[in-house]
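Secondary and tertiary structure notes
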Amino acid sequence: MRRLLRVNLSTGEIREEEIPAKIAQEYVGGRGFGAKYLYDEVAPGIDPLGPENKLLLGTGPLAGTSAQSLSKWIVATKSPLTGTYTRSYGGGDFGAWLKWAGFELVIIEGRAAKPAYLYIKDSKYEIRDASAIWGKSTSQAQAYLKRKHGAKARIICIGPAAEKMVRYAPIFSGHRAAGRGGTGTVMASKNLKAVVIEADRSETLANPTEFKKLVREQVKRYKEGLGFEVFRDYGTVMGVDYPGFGCGSFPVRNFRRGDLEGWEKLSFMQYAVITQKHVGCYACMLKCGKIRKLSSGPYAGITTEGPQYETVWAFTGPTGCTDLDATVYADYLCFELGIDTISTGNSIGFAYELFEKGILTTKDTDGLVLNYGDPEPMLKLVEKIGNREGLGDVLAEGVKRAAEQIGKGAEEYAMHVKGQEMPGYEPRALKAGGMNYALSNVGANHCYGYSSQEIGNPKPRLVDAAADDDKGDIVKYNHDTVAAFELANCCHFPASHLDFIDLDLMGKLLEAALGVSRFGNADYLIYVGEKVYNLERCFNIREGFTRKDDTLPKRMYTEPLQGGLRDGEIIRKPDTIIDEYYDARGWDRNGIPARATLAKFGLEKVDKDVAGFRR
Ligand code: SF4
């Protein structure tokens, strides 16, 4: 039996529920359960920060087993940043503990009357007083709960920025964040500071012999895989040296340039010098996390588990800085305050450009002079955003809302999709990747459909990054493949990036673990992934999102990219790629799934919700 825990913070009622066999079979788990329950239980038009919104915490069906890279946890909710469906993944080991506690999903409803945390142990569930940790940093809150509940407890929590309603606050497990879309802000709106689980290791497998054989095969593939040791030893910051600069796709100065002068100071070899230890999520031999310590300079003594590639980008490219120590310190600040590094760095890059244009002056910045290349004002703005002080209070709304507040044409410089700030891959340099941002259900998000075919992955075919069309099918392929992997919360690094695990192997692991033969068929997983993608799209359509929202900032269509391999590029035919994508999906010209498309996935009941939006 697969189970969920339903927690109503308004009434204090907590109850276990069986996940019906039909849902378990038809949605597999992970992102599938998140999309299904969110669609069914969150009515359109509700305030994402109101008690009517729900926060879904999920783990995967293979979490807590010896299968590699399959123990991540997912948060699904209506985003306060975008107003769309969102899903965000966190690492660490919370996913394994949630599974051992006996649940694949926790549905959190309502709002507690005062700061609270949820405590789960065996069959005991309690909503406890969190007043002692409300306002505390993420490390302080986790340390307090560890002291209280012991070393065997595992924790997710939010930081003070979430409590102040910064719209892009994540939820953290250790240092790992479910980073995007404001999942932590929703948790804070419910007065929920943390979830604590105490659980003993447990594993129930339908076919343990076969499962162990498959895990051995998986481990062999990892060890023999191209790039395994390099990725383990250096982690994601390798991206600074390869896709970032090699392709000229590292967005610089608020997405104007594709290369960063002085990038060599940020090479992965430089980060290796300050790396002390490799750490990973539960049951992942890739250990992409790096404990780094600064032993000299203005931030001497700072230790952090990071920064990852995206964070290095966020605190260099947008502001034109090349100060490695500042990236480590910014990572530390974002963790302690509890804010998303990508949205924070992008928002600061937006402010730097407004300052350059004279739209913001020192009167607006509390005297900060936002000069490119200077990390000091950048770091001060990180703190201001986390504490919602001065200009930080405006930027904490995200660049879309901040631009509306600032006026004076500021929206021209807000680099977002559907309200979510764009990450560290330049759309004009990797155009399928750019159209992934435009078409994504969660706003700009590289993890939602990373276009590895533009940097050499031949599956299903290589793609010319600079080509202006013939990409819609690839964007769809990437969206559906990621969705299929995420049915088991599979990490995208060994899947889409390194090709160490494919859907065949993941399917066989699911079949051996759960005893459901259809899960062993990769085509079935792709079918379910595509169904989930359509359901998420319909969630957004119910909220009023249509083709008009599947777009990139105007700059991408009108201003040639400067510098790097893709110097001079613009996205010339976005509508052509969007039409290709819609045709491949069976959607109409307004981006609404056709009735026959929904019927193919058994989503006939959803049809009535979206029919009125069709062209
Ligand atoms: S590759 Fe990194 S993020 Fe992915 S599961 Fe392993 S340690 Fe976690």
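Residues numbered from 1 in each chain as written. Predicted model: local features only at pLDDT ≥ 70, side-chain atom pairs only at ≥ 80, totals over all residues. Heavy atoms only, no water.

**Focus on the overall build of the protein chain**
Operational definition: Numbered from the N terminus, helices here are DSSP runs of H or I no shorter than four residues, and strands are runs of E no shorter than two. The reference for a compact globule is 2.2 Å times residues^0.38; the radius of gyration itself is calculated from the C-alpha atoms. Residue exposure (1.4 Å probe, protein chains only): buried if accessible area is under 20% of the type maximum, exposed if over 50%, otherwise partly exposed. Here Asp and Glu are counted as negative and Lys and Arg as positive; His is not counted, and neither are the chain ends. We put the charge of a Lys on NZ, of an Arg on CZ, of an Asp on CG and of a Glu on CD.
Scanning the protein chain from N- to C-terminus turns up 25 helices and 17 strands. Taking 25 Å as the expected radius of gyration for a compact globule of 615 residues, we find that the protein chain reaches 22 Å, a close match to that expectation. Projected onto the principal axes, the alpha-carbon positions of the protein chain cover approximately 60 × 55 × 50 Å. Burial analysis of the protein chain (615 residues in total) assigns 65% to the buried set. Of the charged side chains in the protein chain, 81 are positive and 79 negative, and the gap between their average positions amounts to 4 Å.

**Description of empty space enclosed by the protein**
Quick reminder of the rule: Lining residues are those with an atom within 4 Å of a point, where the points come from a 1 Å grid over the protein atoms alone and group into cavities, where a 1.4 Å probe fits but cannot get out, or pockets, open sets with protein on both sides within 12 Å along at least five of seven lines. Grid points are joined across faces, edges and corners, and a volume is the space filled by probe spheres set on the points. Gly is placed with the polar residues, together with every amino acid not listed as nonpolar (Ala, Val, Leu, Ile, Met, Phe, Trp, Tyr, Cys and Pro) or charged (Asp, Glu, Lys and Arg).
Per the counting criterion, the structure on display carries 3 cavities of 30 Å³ or more. Volume-wise, the largest cavity comes out at about 70 Å³. In this structure, the largest cavity is lined by Tyr425, Glu426, Pro427, Leu430, Gly433, Gly434, Asn436, Tyr437, His446, Tyr450 and Ser451. Residues of the lining of the largest cavity, tallied by class, amount to 5 nonpolar, 5 polar and 1 charged.

**Section: the side chain of Arg180**
Selection rule: Counting of polar contacts relies on pairs of N or O atoms within 3.5 Å, with two restrictions inside protein: one atom must be capable of donating a hydrogen and the other of accepting it, and residues adjacent in sequence are counted only when both atoms are side-chain atoms. Contact definition: two residues touch when any of their heavy atoms are within 4.5 Å.
One can find Arg180 in the loop between strand 11 (176-178) and helix 6 (183-189). On the accessibility criterion, Arg180 (7% relative accessible area) is buried. Among the polar contacts made by the side chain of Arg180, one reaches the main-chain carbonyl oxygen of Glu421 at a distance of 3.0 Å. Residues contacting Arg180, with those up to four places away along its chain left out, are Thr86, Ser88, Asp340, Ile342, Ser343, Gln420, Glu421, Pro423, Ala444 and Asn445.

**Things to note about helix 16 (residues 399-406)**
An α-helix turns once per 3.6 residues; consequently, residues spaced three or four apart project the same way. We count it as follows: For this quantity, the arc is that covered by the directions from the helix axis to the C-beta atoms.
All of the buried residues in helix 16 are Val399, Ala402, Ala403 and Ile406. Down the axis of helix 16, the buried set is contained in an arc of 100°. They therefore lie on one face. Pointing more than 90 degrees away from the buried face of helix 16 are the exposed residues Glu404 and Gln405.

**Overview of the pairing of strand 6 (residues 105-109)**
Heads up, the condition is: Pairing between strands is defined by DSSP: at least two bridges between them are needed.
For strand 6, a buried count of 5 out of 5 residues is recorded, marking the element as mostly surrounded by other parts of the structure. Burial along strand 6 is two-sided: Leu105, Ile107 and Glu109 facing one way and Val106 and Ile108 facing the other are all buried. Alignment of strand 1 (residues 3-8) against strand 6, held across 5 bridges, turns out to be parallel. Directly across from Asn8, in strand 6, lies its bridge partner Glu109.

**Focus: the nonpolar core**
Note on soluble globular proteins: their nonpolar side chains tend to be buried together. Threshold: Here, nonpolar core refers to any group of buried Ala, Val, Leu, Ile, Met, Phe, Trp, Tyr and Cys residues whose side-chain atoms link them within 4.5 Å.
Ranked by internal contacts, the top residues of the largest apolar core, which has 154 residues, are Phe350, Met506 and Leu509. The biggest single contributor to this core is helix 21 (residues 522-542), with 10 residues. Counting 38 residues, the second largest nonpolar core, distinct from the first, contains Val106, Ile120, Ile197 and Ala283.

**A closer look at the side chain of Asp468**
Looking at the element boundaries, Asp468 is found in the loop between helix 17 (431-439) and helix 18 (472-485). Side-chain polar atoms of Asp468 contact the side chain of Lys431, separated by 2.8 Å. For Asp468, the side chain forms a polar contact with the side chain of Arg572, separated by 2.9 Å. Apart from the residues within four sequence positions on either side, Asp468 is in contact with Lys431, Ile570, Ile571, Arg572, Lys573 and Ile577.

**Digging into the site of the ligand**
What counts, and what does not: Note on definitions. A residue lies near a molecule or strand when any single heavy atom of the residue is within 4 Å of it.
Close to the ligand lie Lys72, Arg176, Gly280, Cys281, Cys284, Leu286, Cys288, Cys491 and Phe493, which account for all nearby residues. A class-by-class count of the residues in the shell around the ligand yields 6 nonpolar, 1 polar and 2 charged.

**A closer look at the pattern of salt bridges**
Just so we agree on the cut-off: Criterion for a salt bridge: a side-chain nitrogen of Lys or Arg within 4 Å of a carboxyl oxygen of Asp or Glu.
Across all of its chains, the model carries 61 salt bridges by this definition. The closest approach of N and O atoms between Glu397 and Arg167, which form a salt bridge, is 3.0 Å. Placement of Glu397 in the loop between helix 15 (391-395) and helix 16 and of Arg167 in the loop between helix 5 (160-163) and strand 10 (171-173) is noted, with a sequence separation of 230 residues between them. Comparing Glu397 with Arg167 shows no difference in burial state: the two are buried. Each of Arg6, Glu13, Arg15, Glu17, Glu41, Lys54 and Glu109 takes part in salt bridges that share partners, so that together they form one network.

**Regarding the environment of Lys287**
Its place among the elements puts Lys287 in the loop between strand 13 (275-279) and strand 14 (289-293). Between the C-alpha atom of Lys287 and that of Asp233, which follows or precedes it by 54 residues, the distance is 8.3 Å. In this structure, Lys287 is in contact with Arg232, His278, Val279 and Gly280, ignoring residues within four places of it in sequence.

**A word on helix 23 (residues 574-585)**
To keep it simple, the criterion reads: The span you would expect from a helix comes to 1.5 Å times its residue count less one.
Taking 1.5 Å per residue as the helical rise, helix 23 with its 12 residues ought to reach 16 Å, and the 17 Å between its terminal C-alpha atoms agrees with that figure. Along its buried surface, helix 23 packs onto helix 17, helix 18, helix 21, helix 22 (555-558) and helix 24 (595-600).

**Digging into the pairing of strand 4 (residues 73-78)**
For strand 4, the tally of buried residues reaches 6 of 6 residues, placing the bulk of the element in the interior. Burial along strand 4 is two-sided: Trp73, Val75 and Thr77 and Ile74, Ala76 and Lys78, pointing in opposite directions, are all buried. With 4 bridges joining them, strand 3 (residues 55-59) and strand 4 adopt antiparallel strand pairing. Its bridge partner lying in strand 4, Leu56 is registered against Ala76.

**Some points on the packing of helix 18 against helix 21**
For clarity, the threshold we go by: Orientation is described by axes fitted as lines to C-alpha atoms, over the contacting stretch for helices, and by angles from 0 to 180 degrees between their N-to-C directions. An angle counts as roughly parallel when it lies under 35 degrees, as roughly antiparallel when it exceeds 145, as roughly perpendicular when it falls between 65 and 115, and as oblique in every other case.
Helix 21 packs onto helix 18 with a crossing angle of 105° between their chain directions and a minimal axis gap of 7 Å. Here helix 21 runs roughly perpendicular to helix 18, going by the angle between their axes. Along its contact with helix 18, which presents Lys476, His479, Asp480, Thr481, Ala483 and Ala484, the element helix 21 presents Leu525, Ile526, Gly529, Glu530 and Tyr533.

**Some details on unusual backbone geometry**
In this model, Gly306 is joined to Pro307 through a cis peptide bond whose omega is -5°. Within the fold, Pro307 resides in the loop between strand 15 (303-305) and helix 11 (309-314). The backbone of Asn191 sits at a positive phi, close to 60°, despite the residue not being glycine. Within the secondary structure, Asn191 is located in the loop between helix 6 and strand 12 (192-198).

**With respect to the layout of surface pockets**
Empty space within the second largest pocket amounts to approximately 530 Å³. Per-element accounting of the lining of the second largest pocket gives the leading share, 3 residues, to helix 1 (residues 21-27). A class-by-class count of the residues in the lining of the second largest pocket yields 13 nonpolar, 6 polar and 6 charged.

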